[in-house]
Amino acid sequence: MIQKKRLINITTKLIQINSANPPGNETAVADYVARDLKSIGMEIKIYSFAKNRPNVVATLKGTLPRAKAAREALLITPHYDTVPFGKGWKFDPLGAAIHKGRIYGRGASDDKGNCAVGMEALHSLVEDGVRLRRDIVFAATADEETGSKLGVIPLLKKGILRPKAALILDSEEFDAIIAQKGLLHCRVQIFGKKAHGAYNWLGVNAIEIAARVINRLKKHQFKYKKHPLLVPPTKNIGTIRGGDKVNMVADFCEFALDIRFMPGMKAEGILKEIKSIIARETKDFKVIIDDIQKPYGIDPRHPFVKTYGETCRKMGFKATLKGSQGATVITFFQDYGIPAFSTGWGSHGVIHANDEYAEIKILYNGARVLEEFIKEYDVQ
């Protein structure tokens, strides 16, 4: 049986451990998670891909023959790094204060509350003597807040995680994220020619060229297919720098471009369009790619998604199917043929904000739903 007091205790201890990323050091929080899950008999393995950046992979073994139980495993994966605290908090970001049914602190909703829900569901299953047929793999990961390059990505790439299906615990109030946009981050470098500011016709101003390029990019409309859960593609200029001094013609300017694109669109095609737009203003430029993530979608009728929705409805909760306009780790599973979606029980509107909190009642009900979902999945 799910125990609210124990759930609050786990959430409190997770919040009280500083795992802000950057700078990035999840050692202490990993130690706590590993010790807690080892205490209920789970098999614990630690994988680190950089110093002080451990990932905990805990397995509750099923009763099927060993190879089959592992092959049909359900992965449940939250992350335990957080964004930095920032200034202006009323509550101590590491205090885990409880006030009017809420628990406050950095990571309460993103993602330590969800991590605690997963841990409590496992406690309850073991405590009640539930005999699952398939393995349950609980992977609490590092580095999600800065791209997962030391977390989920290498765990998948190295074959450490190979479940039949993956449930990512990183959402809010029972929402089920079943689609998300792709991501393209790049830097556009424009080259010009230096000259004295009083004789600017003797130079080529890279800043002015960049301004014209930016205007063209902002006006450009990509071709795309509408998606019921996603808004159209977006473009954002995140940073810009260039020039040496006010009385010099700038011979260099660089700006960073963030594009979020729809399922069905390809990053390669988008890059080709970007270069074509820049080339209308200058031939002297360079595009540096910093990150590309594919868009993702799973059919809402997929049995894995339907089971979660039906479990919620049976227990009196609504699982709203949503799309993510930003990036989540669900996209990384598609290259390995692993169906995945994201859910969770954080609170709307407080993620990455000051005085972040989670509603204790929602965390408690989330743990109840997760435990039941695991049981329902296991009998499919």
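You'll find the structure just up there.
This one's a predicted model, so the numbers in the text were calculated from it and none came from an experiment.

### Some details on the nonpolar core
No. 1: Membership of the largest hydrophobic core comes to 79 residues, with the highest contact counts inside it found for Val33, Phe138, Tyr308, Phe333 and Leu370.
No. 2: With sequence-adjacent residues up to four places away left out, Phe138 is seen in contact with Val33, Leu37, Met42, Val56, Val57, Ala58, Ile76, Pro78, Cys115, Gly118, Met119 and Leu122.
No. 3: Ala179, Ile214, Cys253 and Leu271 belong to the second largest nonpolar core, which has 27 residues in total.

### Comments concerning the packing of aromatic side chains
No. 1: For the structure on display, the rule yields 11 aromatic pairs.
No. 2: Each ring, one from Tyr104 and one from Tyr357, has its centre 5.4 Å from the other, and the planes form 50 degrees; the classification is tilted. Placement of Tyr104 in strand 5 (residues 102–104) and of Tyr357 in strand 16 (residues 357–359) is noted, with a sequence separation of 253 residues between them.
No. 3: Exposure remark for Tyr104: the relative accessible area of 6% places this residue in the buried category.
No. 4: Members of the aromatic cluster, each reached through a chain of ring pairs, are Phe304, Tyr308, Phe341, Phe373 and Tyr377.
No. 5: The lysine or arginine in question, Lys4, covers the ring of Tyr364, its NZ or CZ lying 5.1 Å from the ring centre.
No. 6: Just above the ring of Tyr357 sits the side chain of Arg102; from NZ or CZ to the centre is 4.0 Å.

### Considering the pairing of strand 3 (residues 74–77)
No. 1: Both faces of strand 3 are covered, namely the face carrying Leu74 and Ile76 and the face carrying Leu75 and Thr77.
No. 2: Relative to strand 6 (residues 136–140), strand 3 runs parallel, the two sharing 3 bridges. Opposite Ile76, over in strand 6, you have Phe138 as the bridge partner.
No. 3: Bridge count between strand 3 and strand 7 (residues 165–169): 4 bridges; the pairing is parallel. When the bridges of strand 7 are listed, Leu75 appears paired with Ala166.

### Some words on helix 8 (residues 303–314)
Note that an α-helix has 3.6 residues per turn; residues three or four places apart therefore point the same way.
No. 1: Here helix 8 spans 16 Å end to end across 12 residues, near enough to the 16 Å set by a 1.5 Å rise per residue.
No. 2: Inspection of helix 8 places Phe304, Val305, Thr307, Tyr308, Gly309, Thr311 and Cys312 among the buried residues, and these make up the whole buried set.
No. 3: Looking at the buried positions of helix 8, the neighbouring elements they touch are strand 3, strand 7, strand 8 (176–180), strand 14 (321–324), strand 15 (340–343) and helix 9 (360–378).
No. 4: Looking at the residues trailing helix 8, positive phi occurs at Gly316, about 90 degrees.

### Some details on the sheet that holds strand 10 (residues 234–242)
Sheets are built from strands paired through backbone hydrogen bonds, the pairs being either parallel or antiparallel.
No. 1: As summarised here, the arrangement of the 4 strands in space is 10-11-9-12, forming an open sheet in which the pairing is antiparallel. The two strands at the open ends of the sheet, each matched to only one other strand, are strand 10 and strand 12 (285–293). Between one strand axis and the next, the sheet turns through 15 degrees on average, direction left out of account.
No. 2: Looking at chain direction, strand 9 (residues 182–191) and strand 11 (residues 252–261) are connected through 10 bridges and run antiparallel. Counted as the bridge partner of Ile190 is Cys253 from strand 11.
No. 3: Of the strands in this sheet, strand 9, strand 10 and strand 11 touch helix 6 (residues 206–219), which is tilted by about 15 degrees from strand 11.

What counts as what
- Residues numbered from 1 in each chain as written.
- Predicted model: local features only at pLDDT ≥ 70, side-chain atom pairs only at ≥ 80, totals over all residues.
- Heavy atoms only, no water.
- Core = buried A, V, L, I, M, F, W, Y, C linked by side-chain atoms within 4.5 Å.
- Buried < 20%, exposed > 50% of the residue type's maximum accessible area, 1.4 Å probe, protein only.
- Contact = heavy atoms within 4.5 Å.
- Phe/Tyr/Trp six-rings, centres within 6.5 Å; stacked < 30°, edge-to-face > 60°.
- Helix = DSSP H or I, 4+ residues; strand = E, 2+ residues; numbered from the N terminus.
- Lys NZ or Arg CZ within 6 Å of the ring centre and 35° of its normal.
- Pairing = 2+ DSSP bridges.
- Expected span 1.5 Å × (residues − 1).
- Axes fitted to C-alpha atoms, helices over the stretch in contact; angles between N-to-C directions.

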